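# A structural walkthrough
Below, each chain spelled out in residue letters.
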Amino acid sequence: MSNSDLPRSLDLPVFPWDLLTPYRETAAAFPGGAIDLSIGTPIDDCPASAKAALQAGADSPGYPAVVGSIQLRRAIVGWARERGIDCIKEDSCLPTVGSKELIASLGWQLGIGRGDKVLFPEIAYPTYDICARLAGAQGVAVSNDISTWPRDASLVWINTPANPTGWVATKDWLREVVSWAREVGAVVASDECYSELTYGGEGPAPSLLQEDVCGGSTENLLLVYSVSKESNLAGYRAAFVAGDQALISALLAVRKHCGQIMPSPVQAALTQVLSGRSHVKEQVERYGRRRKVLAAALEQAGLKVAEECEAGLYLWVFDPADKADVTAALRAPGSGADWRLLDRMAHLGLIVAPESFYNARPGSHVRVALCVSDNEIQETAKRLVKFA
């Protein structure tokens, strides 16, 4: 085989947000310019504690440990205790360079490959599918009906609160997942990066690793967590994975060879934000106010926020007046109700993300992010008055 055969296709889809270019151009032409509600990238200030820790750790000439400092791992364990998770130990967690790289690469890092099945929600963050593709495995989109899941799966991704829908799993549902996985021998990875972004006053969403969910055993269970959203630290790339000690050890061995290391200053910053949580409460309250204003404006415009959208960083929105035949969208991709709603909002200078980014089948929803300033939220509400 010659070098002319390179690069070889990895069978990756087009990066979804590249498809928004014409809609961005339409939105930019609106008087006052575009307001981008399509991407969940934080815009509020980083916590002072994180910035101070990052600066204090800046003189770091040596290689940091892949497994993370003992201070960081103790902070992860302390965070877990506050969440009612007692089964995480200092040797059963490790930092990751943001959560996306771990999600995309978890399959092959666990040795999953051709002939294996990776399950993920039918409406989901696209990177779970990428996890299967990069491992050469078969990705299978599944509903919340656990009885329909293929029993020969090797890895199952769950996400609660869910991106993009805002659905929150109950403890009963999570218990069913644990029971099912132990029957079939599958690994379950739970992406819980939005768990603190709840707005009903009931506290964080249930976790896969809470005692009354997993029975105190982490066998074949992993929790993936990020502080990007709750602490406005997406630019730091600060996350961690925790759970089954045997799985964590296997990941650590691979990551040592790959050099997947969180920089020492970022480890120090992550340690601080996991230890002092007052800033999280403030950020959740901030998002809660934006959510309330934006949801009311959408409803007044004749749009609906999906009933299951209880938590997270987004509103899952549809137009109840659009009753178009779904089969038409099947014949002409990019022409469904979600794209029509995207286009109508773009003509008001508002950029949102269509359901098609998260669902292989035609959909009717758009994802509307809360990650803009208070002034932009108010301006969005004003523009929605003109929605028709």
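Labelled according to an unreviewed UniProt entry, the protein appears under the name Aminotransferase, originating from Varibaculum cambriense. Database annotation for the protein, UniProt heading Cofactor (unreviewed entry): "pyridoxal 5'-phosphate". In the Sequence similarities (unreviewed entry) part of its UniProt record, the protein is described as follows: "Belongs to the class-I pyridoxal-phosphate-dependent aminotransferase family."

## Notes on the sheet that holds strand β13 (residues 365-369)
Spatially, the 4 strands line up as an open sheet ordered β9-β10-β13-β12, and their pairing is antiparallel. Among the strands making up the open sheet, the edge pair consists of β9 (304-305) and β12 (353-354). Across the sheet, helix α10 (residues 278-300) touches β9, β10 (314-318) and β13, and the angle it forms with β10 is around 5°. Taken strand by strand, helix α12 (residues 337-346) contacts β10, β12 and β13, and its axis lies near 45° from that of β13.

## Looking at the sheet that holds strand β2 (residues 93-97)
Pairing in this open sheet of 7 strands is mixed, and the strands run β2-β8-β7-β6-β5-β3-β4 from one edge to the other. Every other strand in the sheet has two partners, leaving β2 and β4 (138-142) as the edge strands with one partner each. Neighbour-to-neighbour, the strand axes of the sheet open up by a mean angle of 20°, direction not taken into account.

## Description of the pairing of β10
Buried residues dominate β10, accounting for 4 of its 5 residues. Bridge count between β9 and β10: 2 bridges; the pairing is antiparallel. Counterpart to Lys-304 in the pairing with β10 is Phe-318. As judged from the 5 bridges shared by β10 and β13, these two strands associate in the antiparallel manner. Residue pairing across strands places Tyr-314 opposite Ala-369, the latter belonging to β13.

Criteria and cut-off values
Residues numbered from 1 in each chain as written. Predicted model: local features only at pLDDT ≥ 70, side-chain atom pairs only at ≥ 80, totals over all residues. Heavy atoms only, no water. UniProt positions renumbered as here; feature names shortened; annotations may be inferred. Pairing = 2+ DSSP bridges. Helix = DSSP H or I, 4+ residues; strand = E, 2+ residues; numbered from the N terminus. Contact = heavy atoms within 4.5 Å. Axes fitted to C-alpha atoms, helices over the stretch in contact; angles between N-to-C directions. Buried < 20%, exposed > 50% of the residue type's maximum accessible area, 1.4 Å probe, protein only.

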